[in-house]
Structures are given as C-alpha cells and as structure tokens.
Amino acid sequence: MANKKDLKKDINYVLGDIIEAVYVWEYSNTDKNTKKSEAIIDEAIATFDELIAKVNDRKVEDKKAHFKAINKELEDKGRALIEKINKLG
C-alpha cells in the first residue's frame, strides 16, 4: 500500500463501482422490486464511511499494517457486496 491517499481512492473506486453496478441492474430490471438493491447501496455507503473513518484514525502505531488490514477488509466486503448483486438476478 503506497499511502493514505491511494487507499482512499481505492475505497472510493471500488465502492463507487459497486453502487454503479446496482444502478445498472435496477435500470435493466425495472419490473423487479428494488428493496434488496437499495439495501446493497446502503450497505456500500456504510462500508465506505466505516473504512474512511479507519483510514483517518490517527491513533495507529503501525500504519503499514493498519492500511494493509483496511485494504483486506475492503477486498472482503467488496466481494461480499458483488455476491449480493449477482444474487439479485
């Protein structure tokens, strides 16, 4: 992980792409109920807020390990959200 700025960009891009994918699904499936897809968007926004708060935490001793853990958490939560999108089908 290069630095805090890059990690913030990664969080923004990954979760932004997930939200965009949900919007594309909603646009493609106008006849289906959107409660589940809206819940995925809400979860993505909550994940974004949570991860950015962790990135901005200044009380961390080992920043490299902290950022690596955040990156791993982003990857795990991103995959979970993508699985939820795929199950909307």
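Residues numbered from 1 in each chain as written. Predicted model: local features only at pLDDT ≥ 70, side-chain atom pairs only at ≥ 80, totals over all residues. Heavy atoms only, no water.

Asker: Just checking my understanding: could you explain the nonpolar core for this structure?
Answerer: A general tendency of soluble globular proteins is for nonpolar side chains to be buried together. Within the largest apolar cluster, 19 residues are counted, with the highest numbers of intra-cluster contacts made by Leu7, Ile11, Leu15, Ile40, Val55, Ile70 and Leu81. Among the elements of the structure, α1 (4–28), α2 (35–55) and α3 (63–88) are those that each provide at least two residues to this core. For this core, the leading source of residues is α1, giving 7 residues. (Core = buried A, V, L, I, M, F, W, Y, C linked by side-chain atoms within 4.5 Å. Buried < 20%, exposed > 50% of the residue type's maximum accessible area, 1.4 Å probe, protein only. Helix = DSSP H or I, 4+ residues; strand = E, 2+ residues; numbered from the N terminus.)

Asker: Which parts of the structure should I look at to understand α2?
Answerer: Three or four residues apart is the spacing at which side chains of an α-helix point the same way, because the helix has 3.6 residues per turn. If you check α2, its first and last C-alpha atoms are 30 Å apart, about what 21 residues at 1.5 Å a residue would give, namely 30 Å. Turning to α2, its buried residues are Ser37, Ile40, Ile41, Ala44, Thr47, Leu51, Ile52 and Val55. Projected down its long axis, α2 carries its buried residues within an arc of 125°, all on one side. Looking at α2, the residues exposed on the side facing more than 90 degrees away from the buried face are Lys35 and Asp42. Elements in contact with the buried residues of α2: α1 and α3. (Expected span 1.5 Å × (residues − 1). Arc of directions from axis to C-beta. Contact = heavy atoms within 4.5 Å.)

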